[in-house]
Amino acid sequence: MSLVSTVRVRRPLWRRLAGKSPLRAAWLANVTRRSLAILLFCLAWELLPRTGLVDRVFLPPFSEVILAAQRLVLSGALAEHATASVLRSSSGLALAILIAVPAGLVIGSNRRIGEFIEPLLELFRNTAPLALLPVFTLILGIGETSKIAMVLYASAWPVLLSTMNGVRTVDPLLVKAARSMGLGSVRLFAKVVLPASVPTIFTGIRLAAAHSILVLIAAEMVGAKAGLGYFVNAAEFNFQIPEMYAGILALALLGLLVNVTLVHIEGRLSMWRAS
Amino acid sequence: MVAVVPDTPKIRFDRVTKSFPDRLAKTGTDQVIALSRVDLAVAPGEFMVLVGPSGCGKSTLLELLSGLAEPSSGTIRVDGKPIAGPGPDRGVVFQQYALFPWRTALGNVEFALEAIGLARAERVPRARHFLALVGLSGFEHRYPHQLSGGMKQRVAIARSLSSDPDILLMDEPFAALDAQTREILQDELLRIWEQTAKTILFVTHGIDEAVYLGQRVAVMSARPGRILDIVDIPLGARRGDDDLRSSPEFAQLRHHIWALLRGQVQTATRH
């Protein structure tokens, strides 16, 4: 088969594929449209360093970064660091949820406790968690505990506050209706207040997940022996620039994955909400 | 169809007064008197309508009967016994439906059955039965946000009927619906009433609705609310094809109530 005929076959083939099913064509068009901006971005990333418009030392071309990433994946280093990071942030987040949701339910439903503790909460909530990083490092060192504790601290606040909010903003008419059916306070809480609060609580969890990654990376950069944050920082320090960018890409993908998963779960839990 | 109240009425309000602390009062000792010495008796199986100007306390009266609030003085008796809080013998239907959005239509009706402690095997067929009664077979698995206003109110009615209460309390249930849906549901309600023989206390703003639905219409005064008069509605059973609302008898009754209310509405708007 000559080169000319192979090239000739390519475009009509795509058209034939698309032409066979209009649904396929629509899907292809959709995917192309949505990836266009990203593709252009990658193209710019590739071309700008190569043409010298950007210093290649500080921003290697996209292809070099991909090659570095490939090396890291094959050597298992990326997997090792990614796993360390994921384990820390998910444990911290899980613990935060386990503590903050029940606490939020209690504080939100009891007015006196709420009034008592809220001024203190406001103070803590407005203090950037990263500002307390040295405290955690001081007390807990630079091992796993301090990282997880850091993540726990940062994630707990959005979850706590959104849980409190969720409990307080339950439609009073629903409570009234349930009471008119003879429900006592305990059943009322379990069957009305809790389900009604789930969407609000989940929004808090999504926010906390974003915070947890942010804080973890910062904590790893400051003092750690493994993890993506540590890796990016170490790569920069050792002037392994393509590896550094590979690490950053991995982080971006991790964040994206977490968010997409949570949005999906939220969608499942909130099927009853009006779109 | 004129109801005669026997010696032990189904529901009796005896000199019921309800006052609330007036939040706007400077001294804090002033009370807003919502209801003032209300006397009312409802016969078993009767369809009684409460009509009155805004703020006259008709919803408060319903709330007291449902057990969600207590009167400041006076007693409320059901079957001769004073009530002590909400109970399965009184079902409530609200103007804004009050459906639990995280539950399907079936789930909402089941909620009332869970409240009275029915087991799952009994709940589901019973809930289906009541949804069929209100004409919603096939919509069991829809969520409230997928239902129209009229359908939502039907689910609410099914839910309140499912625990088999003797009394149905309805607080302007059709006020949030468009005129056509309202008329359809009014006929539906009358049909359900004839089938189930419940005692219904129906609160409304609308005089047309009061005359169309009620066997007797209790007209309330402006705040502080009391019963001005009780009007008998001797219109007989509804026959589907007749345009009852255009008949001269209907107009007469309507005018009577309108005249009673007119002075009250003016008093109410002056407050």
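About the cut-offs
- Residues numbered from 1 in each chain as written.
- Chains lettered and ligands numbered in written order.
- Predicted model: local features only at pLDDT ≥ 70, side-chain atom pairs only at ≥ 80, totals over all residues.
- Helix = DSSP H or I, 4+ residues; strand = E, 2+ residues; numbered from the N terminus.
- Rg over C-alpha atoms; globule rule 2.2 N^0.38 Å.
- Buried ≥ 20, exposed ≤ 12 C-beta atoms within 10 Å, placed from the backbone.
- Contact = placed C-beta atoms within 7 Å.
- Nonpolar A, V, L, I, M, F, W, Y, C, P; charged D, E, K, R; others polar.
- Domains from an automatic or database assignment.
- Pairing = 2+ DSSP bridges.
- Axes fitted to C-alpha atoms, helices over the stretch in contact; angles between N-to-C directions.
- Parallel < 35°, antiparallel > 145°, perpendicular 65-115°, else oblique.
- Left-handed = near helix turned anticlockwise from the far one by under 90°.

## What to know about the overall build of chain B
Okay, so step 1: Along chain B, the regular secondary structure elements total seven helices and 10 strands.
Okay, so step 2: Over its C-alpha atoms chain B spans a radius of gyration of 19 Å, differing by no more than 12% from the 18 Å that the globule rule assigns to 271 residues.
Okay, so step 3: Overall, chain B is about 55 × 50 × 40 Å in size when its C-alpha atoms are taken along their principal axes.
Okay, so step 4: Taken across its 271 residues, chain B has 44% of its residues classed as buried.
Okay, so step 5: If you take every contact in chain B between residues at least 6 apart in sequence, the share linking residues at least 24 apart comes to 73%.

## Structural notes on the interface of chain A and chain B
It is common to report an interface's size as the accessible area lost on association of the parts.
Okay, so step 1: In this assembly, 13 residues from chain A lie in contact with 16 residues from chain B.
Okay, so step 2: For the side of chain A that touches chain B, the element with the highest residue contribution is helix H8 (residues 172–180) of chain A, accounting for six residues.
Okay, so step 3: Broken down by class, the residue content of the side of chain A that touches chain B amounts to eight nonpolar, two polar and three charged.

## Things to note about the environment of B:Ala175
Residue and element names in this part refer to chain B.
Okay, so step 1: Structurally, the position occupied by alanine 175 is in the loop between strand E7 (167–171) and helix H5 (179–196).
Okay, so step 2: Considering only alpha carbons, one finds alanine 175 and phenylalanine 94, 81 residues apart in sequence, at a separation of 9.9 Å.
Okay, so step 3: In this structure alanine 175 touches Gln95 and His205, once residues within four positions along its chain are discounted.

## Observations concerning the domain arrangement of chain A
Okay, so step 1: Split into domains, chain A comes out as domain 1 (3–55) and domain 2 (69–269).
Okay, so step 2: Centre-to-centre separation of domain 1 of chain A and domain 2 of chain A, based on C-alpha positions: 38 Å.

## Structural notes on the sheet that holds strand E1 (residues 11–21) of chain B
Residue and element names in this part refer to chain B.
Okay, so step 1: Across the sheet, which stays open at both edges, the four strands sit in the order E2-E1-E4-E5 with antiparallel pairing between neighbours. Strands with a single pairing partner mark the edges of an open sheet, and in this sheet they are strand E2 (31–42) and strand E5 (81–82).
Okay, so step 2: Bridge analysis of E1 against E2 gives eight bridges, and the strand direction is antiparallel. Its bridge partner being in E2, arginine 12 is matched across the sheet by alanine 41.

## Let's talk about the environment of A:Gly92
Okay, so step 1: Examined against the element boundaries, A:Gly92 turns out to sit in helix H4 (residues 77–109).
Okay, so step 2: In this structure A:Gly92 touches A:Ile148, A:Val151, A:Leu152, A:Ser155 and A:Ser212, once residues within four positions along its chain are discounted.

## So, the sheet that holds E7(B)
Residues and elements named next belong to chain B.
Okay, so step 1: An order of E6-E7-E8-E3-E9-E10 is seen for the six strands of this open sheet, with the pairing classed as mixed. The sheet terminates laterally at strand E6 (90–93) and strand E10 (227–232), the two strands that pair on one side only. Adjacent strand axes in the sheet meet at a mean angle of 20° when their direction is disregarded.
Okay, so step 2: Pairing of E6 with E7, which is carried by four bridges, proceeds in the parallel orientation. Counterpart to valine 92 in the pairing with E7 is leucine 169.
Okay, so step 3: Each of E6 and E7 is contacted by helix H4 (residues 149–162), which is oriented at about 170° to E6, the strand it contacts most.

## Section: the packing of helix H2 (residues 105–115) of chain B against helix H3 (residues 120–133) of chain B
Residues and elements named next belong to chain B.
Okay, so step 1: Between H2 and H3, whose axes approach to 9 Å, the crossing angle comes to 120°. One finds that H2 runs oblique with respect to H3. Crossing hand, H2 versus H3: right-handed. From H2, Ala105, Leu106, Val109, Glu110, Leu113 and Glu114 reach across to H3, where they touch Arg123, Arg126, Ala127, Arg128, Phe130 and Leu131.
Okay, so step 2: Taken together, the residues of the contact of H2 with H3 break down into seven nonpolar, no polar and five charged.

## Focus: unusual backbone geometry
Trans is the common state for peptide bonds, and a negative phi is the common state for residues other than glycine.
Okay, so step 1: The omega torsion of the bond from B:Arg223 to B:Pro224 falls at 0°, within 30 degrees of zero and hence cis.
Okay, so step 2: Along the chain, B:Pro224 turns up in the loop between strand E9 (216–220) and E10.
Okay, so step 3: Despite not being glycine, A:Phe239 has its phi angle at roughly 60°, a positive value.
Okay, so step 4: Mapped onto the elements of the fold, A:Phe239 is located in the loop between helix H10 (228–237) and helix H11 (241–269).
Okay, so step 5: Residue classification places A:Phe239 among the exposed residues on the basis of 9 C-beta atoms within 10 Å.
Okay, so step 6: Even without a glycine there, the phi angle at B:Glu172 is positive, about 45°.
Okay, so step 7: Mapped onto the fold, B:Glu172 is located in the loop between E7 and H5.

## A short note on the pairing of E10(B)
Residues and elements named next belong to chain B.
Okay, so step 1: Where E9 and E10 come together, five bridges link them in antiparallel fashion. Within the sheet, the bridge partner assigned to arginine 216 lies in E10 and is aspartate 232.
Okay, so step 2: Count of turn residues in the E9/E10 antiparallel hairpin: six residues.

## Description of the environment of A:Ser197
All names here are of chain A.
Okay, so step 1: Looking at where serine 197 falls in the secondary structure, it is placed in helix H9 (residues 185–222).
Okay, so step 2: For serine 197, a count of 25 C-beta atoms within 10 Å gives the class buried.
Okay, so step 3: Spatially, the C-alpha atoms of serine 197 and serine 162 are 8.9 Å apart, while their sequence positions differ by 35 residues.
Okay, so step 4: For serine 197, the contacting residues outside a window of four places in its chain are Thr163, Gly166, Val167 and Val170.

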